[in-house]
Amino acid sequence: MSQKIAFQGELGAYGHEACVTARPDYDPLPCTTFEAAIDAVRSGAADLGMIAVENSTYGRVADVHSLLPESGLHIVDETFVRVHINLLGKQDASLGDIKEAHGHPVILPQCGEFLRANGITPRTSTDNARAAREVATGDDPTIAALASELAAEIYGLKVLARHIEDHARNTTRFLIMARQPDYTRRGPSGMMTSFVFRVRNIPAALYKAMGGFATNGVNMTKLESYMVGGEFTATQFYAEIEGHPDDANVKLAMEELGYFTDHLLVMGVYPAAARRHEKVASGA
């Protein structure tokens, strides 16, 4: 039986493209929501989940960081997908015909300059690939979809304009989730450790909790906060560091973090994607 990887969206979505790129030997399993993709992995319907977490233009994908700690899944890999946005229309359409472009709310502002320059009205769709499918099955040549070239191939659409994103380095980062963690690997580009924590209710707790990473020379690449339980006073932090929990300096930093937290959960230990270092090197 072939292995499956779940993603949010329909066939042709950027999550599908991430699956094809990072796990070409897995069969993609489209899911309507991130929750459904996570549930597919939890239930065994899929072996892995491909979850979008942030975009270099749009920022953090809403709600994902609050979903992952409760998922019971583990981060086992990361991948970066260069998001090329294309204007897709019916085979007999031309760019000048297009009055409306349909896409997910996340993608619309990523190509706002192109749409304004061409007098095209953006319209919200629940999914970019769904927008492509609806254009293909519809009969209005003035409506186009904002989606990948993979979607154009799947639904038989014409690429009216390629790579219309506002920023040349527009990139989405995905995390690959599994039911079991894997701490045995060592990646050629180093390792990443992701975790969530809540600090104790004492003065300067966050400052003291972060001090261990600085004094032990551990590079923290991400620190984000979000409320939990609907309370303004209950704040949880999501963090990512370079290194493996078995590294001496990481072990010391995590021990010091433990002194100042009342909740600490390691979400995953996984190889750093080579693209991560390319982004840093290019100043992206």
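Anyway, here's the lowdown on the structure attached to this text. (Residues numbered from 1 in each chain as written. Predicted model: local features only at pLDDT ≥ 70, side-chain atom pairs only at ≥ 80, totals over all residues. Heavy atoms only, no water.)

**Observations concerning the overall build of the chain**
1) Next: Scanning the chain from N- to C-terminus turns up nine helices and 15 strands.
2) Next: Against the globule reference of 19 Å for 284 residues, the chain gives a C-alpha radius of gyration of 21 Å, in line with a compact fold.
3) Next: Its C-alpha atoms give the chain principal-axis dimensions of roughly 65 × 45 × 40 Å.
4) Next: Residues classed as buried in the chain amount to 48% of the 284 residues present. (Helix = DSSP H or I, 4+ residues; strand = E, 2+ residues; numbered from the N terminus. Rg over C-alpha atoms; globule rule 2.2 N^0.38 Å. Buried < 20%, exposed > 50% of the residue type's maximum accessible area, 1.4 Å probe, protein only.)

**Brief notes about the environment of Glu 224**
1) Next: Along the chain, the position of Glu 224 falls in strand S13 (residues 220-227).
2) Next: Its relative accessible area of 16% is what places Glu 224 among the buried residues.
3) Next: Between the C-alpha atoms of Glu 224 and Glu 240, which are 16 residues apart in sequence, the distance is 9.3 Å.
4) Next: Once residues within four sequence positions are removed from consideration, Glu 224 is found in contact with Arg 60, His 65, Gln 236, Phe 237 and Tyr 238. (Contact = heavy atoms within 4.5 Å.)

**What about the pairing of strand S14 (residues 235-242)?**
1) Next: Within S14, six of the eight residues are buried, which leaves it mostly tucked inside the rest of the structure.
2) Next: Strand direction decides the pairing type here: strand S12 (residues 191-199) and S14, joined by six bridges, are antiparallel. Opposite Phe 195, over in S14, you have Ala 239 as the bridge partner.
3) Next: Judged from the seven bridges that link them, S13 and S14 form a sheet pairing that is antiparallel. Residue Leu 223 lies in a different strand from S14, and its bridge partner there is Ala 239. (Pairing = 2+ DSSP bridges.)

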